[in-house]
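# Examining the three-dimensional arrangement
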Amino acid sequence: MTTATATTTTADGKTFRSAIRLQGSFLTAIEKRTLRWLAVRLPASVNSDDLTILALVAMGGVGLSYWLAASDPIGLLLAIVFLAINWFGDSLDGTLARVRDTQRPRYGYYVDHIVDVIGTFFLFGGLALSGYMSPAVAALLLIAYFMVCLEVYLATVSLGTFKMDFMRIGPTELRILLSVGNIVLLFHPMATVFGHTFKLFDVGGVIGAAGMFGVLIISTIRNTRTLYRAEPLPRR
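Values in this document were obtained by computation on a predicted structure and should not be read as measured data. (Residues numbered from 1 in each chain as written. Predicted model: local features only at pLDDT ≥ 70, side-chain atom pairs only at ≥ 80, totals over all residues. Heavy atoms only, no water.)

## Digging into the overall build of the protein chain
Which entries qualify depends on this criterion: Going along the chain from the N terminus, every DSSP run of H or I of four or more residues is numbered as a helix, and every run of E of two or more is numbered as a strand. The atom set for the radius of gyration is the C-alpha atoms, and the globule formula is 2.2 Å times the number of residues raised to the power 0.38. Think of it in three bands: residues with accessible area under 20% of the maximum for their type are buried, residues over 50% are exposed, and the middle band is partly exposed, with areas taken using a 1.4 Å probe on protein chains only. Should any heavy atoms of two residues lie within 4.5 Å, those residues are counted as being in contact. What sets the accessible areas is the Shrake-Rupley method with a 1.4 Å probe; for residues, cover comes only from the shown protein chains.
Along the protein chain, the regular secondary structure elements total seven helices and seven strands. Its helices and strands taken in sequence order, the protein chain reads β-β-β-β-α-α-α-α-α-β-α-β-β-α from the N to the C terminus. Radius of gyration (C-alpha) of the protein chain: 19 Å, near the 18 Å computed for a compact globule of 236 residues. Expressed as lengths along the three principal axes of its C-alpha atoms, the size of the protein chain is roughly 60 × 60 × 30 Å. The burial tally for the protein chain puts 35% of its 236 residues in the buried class. Partitioning the contacts of the protein chain with sequence separation of at least 6, the portion at a separation of at least 24 is 69%. Counting every atom, the protein chain has about 14000 Å² of accessible surface; 70% of that belongs to carbon and sulfur.

Right under this line is the structure:
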């Protein structure tokens, strides 16, 4: 488990304390080393905003690639390429700011996460149009994702901690799982469950949504209990 926090005086003279970032996914250690290695070698002309824009454009590319996959399976492979580009931009922008000591905590937090929300809409929108996932399942996943995001953002404000993974699965691991799923789709687009045949990504999507709702329930109970204990009712 790795944590990171900082207290910063912003340009308007206000003191802002960043939330503690909790990272404990399977690839956290190697990913942090890789990102730092990349950050110190990036040209000075490239800044964090450039990487954030790249990440958003790449997610648009992911969505379009899935749309293309409805008529040409090559779209599944293109989606993997754009997922890799998204990882590069989305994961490296914050590291670059820390390496160069150009952090803007409030701006970075807001922009980074609004880009994630919009990018995820592109992703599930593309899946809904791909033919490999039913629109209803894509919508269920999107709702589950947004509800988990809402809980995480509320916990960040209320508890001062920002949890970036669940059950040691973070954004990077999810990108890898999705990429592997794309390759499997090329050969086995359907799955048999209890004697019935379903789209492979529908099965995975329902399992993923169930997992996210489970995480939401557990996190809500845990954080509510923590806040209740931190702010007990006054005794009369």
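Don't stop here, the text continues.
## Looking at helix H4 (residues 105-130)
Selection criterion: For a helix, the expected span equals 1.5 Å multiplied by the residue count minus one.
The terminal C-alpha atoms of H4, which comprises 26 residues, lie 37 Å apart, in line with the 38 Å expected from a rise of 1.5 Å per residue. For H4, every residue scored as buried is listed here: Pro 105, Val 111, Asp 112, His 113, Val 115, Gly 119, Thr 120, Leu 123, Phe 124, Gly 126, Leu 127 and Ser 130. Once H4 finishes, Gly 131 follows within two positions and takes phi at roughly 85°, a positive value.

## Things to note about the nonpolar core
In plain terms, the rule: Buried residues of nine kinds, namely Ala, Val, Leu, Ile, Met, Phe, Trp, Tyr and Cys, make up a nonpolar core once their side-chain atoms join them within 4.5 Å.
Membership of the largest hydrophobic core comes to 23 residues, with the highest contact counts inside it found for Tyr 66, Leu 123, Phe 124, Leu 127, Met 133 and Phe 201. Those elements that provide at least two residues to this core are helix H2 (48-69), helix H3 (74-99), H4, helix H5 (135-159), helix H6 (171-187) and helix H7 (200-230). Setting aside its immediate chain neighbours within four residues, Phe 201 contacts Tyr 66, Leu 127, Tyr 132, Met 133, Val 137, Leu 178, Gly 181, Asn 182 and Leu 185.

## Considering unusual backbone geometry
Its identity as a non-glycine residue notwithstanding, Asp 101 has a phi of 55°, on the positive side. Mapped onto the fold, Asp 101 is located in the loop between H3 and H4.

## Structural notes on the pattern of salt bridges
Heads up, the rule is: What counts as a salt bridge is simple: a side-chain nitrogen of Lys or Arg found within 4 Å of a carboxyl oxygen of Asp or Glu.
For the structure on display, the rule yields two salt bridges. Close ionic contact of Arg 175 with Asp 90 constitutes a salt bridge, the shortest N to O distance being 2.9 Å. Placement of the pair is Arg 175 in helix H6 and Asp 90 in helix H3, with a sequence separation of 85 residues.

## Topic: a nonpolar patch on the surface
Filter applied, for reference: Within the patch definition used here, like charges are joined within 9 Å and nonpolar side chains (Val, Leu, Ile, Met, Phe, Trp, Tyr) within 5 Å, considering only residues with over 30% relative accessible area and no salt bridge.
Residues Leu 68, Ile 74, Leu 77, Leu 78, Ile 183, Leu 186 and Phe 187 make up a contiguous nonpolar surface patch of about 590 Å² in total accessible area. Sorting the residues of the nonpolar patch by element identifies H3 and H6 as the ones contributing at least two each. For Leu 68, a relative accessible area of 34% puts it in the partly exposed group.

## Overview of the pairing of strand E7 (residues 196-199)
Quick reminder of the rule: Here, a strand pair is defined by DSSP locating no fewer than two bridges between the strands.
Sheet topology note: the strand E6 (residues 190-193)/E7 ladder contains four bridges and is antiparallel. For Met 190, the partnering residue across the bridge sits in E7 and is Lys 199. If you look at the hairpin formed by E6 and E7, you'll find two residues sitting between the two strands, and Phe 194 has a positive phi there, around 55°.

## With respect to the packing of aromatic side chains
Stated formally: For Phe, Tyr and Trp, rings pair up if their centres lie within 6.5 Å, where Trp contributes its six-membered ring, and each pair is then called stacked (planes under 30 degrees apart), edge-to-face (over 60) or tilted (otherwise).
Within this structure, the stated rule accounts for four aromatic pairs. Arranged with centres 5.9 Å apart and planes meeting at 50°, the rings of Tyr 145 and Phe 146 form a pair that is tilted. Taken together, the ring pairs connect Tyr 109, Tyr 153 and Phe 162 into an aromatic cluster.

## Points about the side chain of Thr 172
Short version of the rule: In protein, a polar contact requires one atom able to donate a hydrogen and another able to accept it; more generally it is a pair of N or O atoms within 3.5 Å, and residues adjacent in sequence count only if both atoms are side-chain atoms.
Relative to the elements of secondary structure, Thr 172 occurs in helix H6. Here Glu 31 takes part through its side chain, which lies 2.5 Å from a polar atom of the side chain of Thr 172. Apart from the residues lying within four places of it in its own chain, the contact partners of Thr 172 are Leu 27, Glu 31, Trp 87 and Ser 91.

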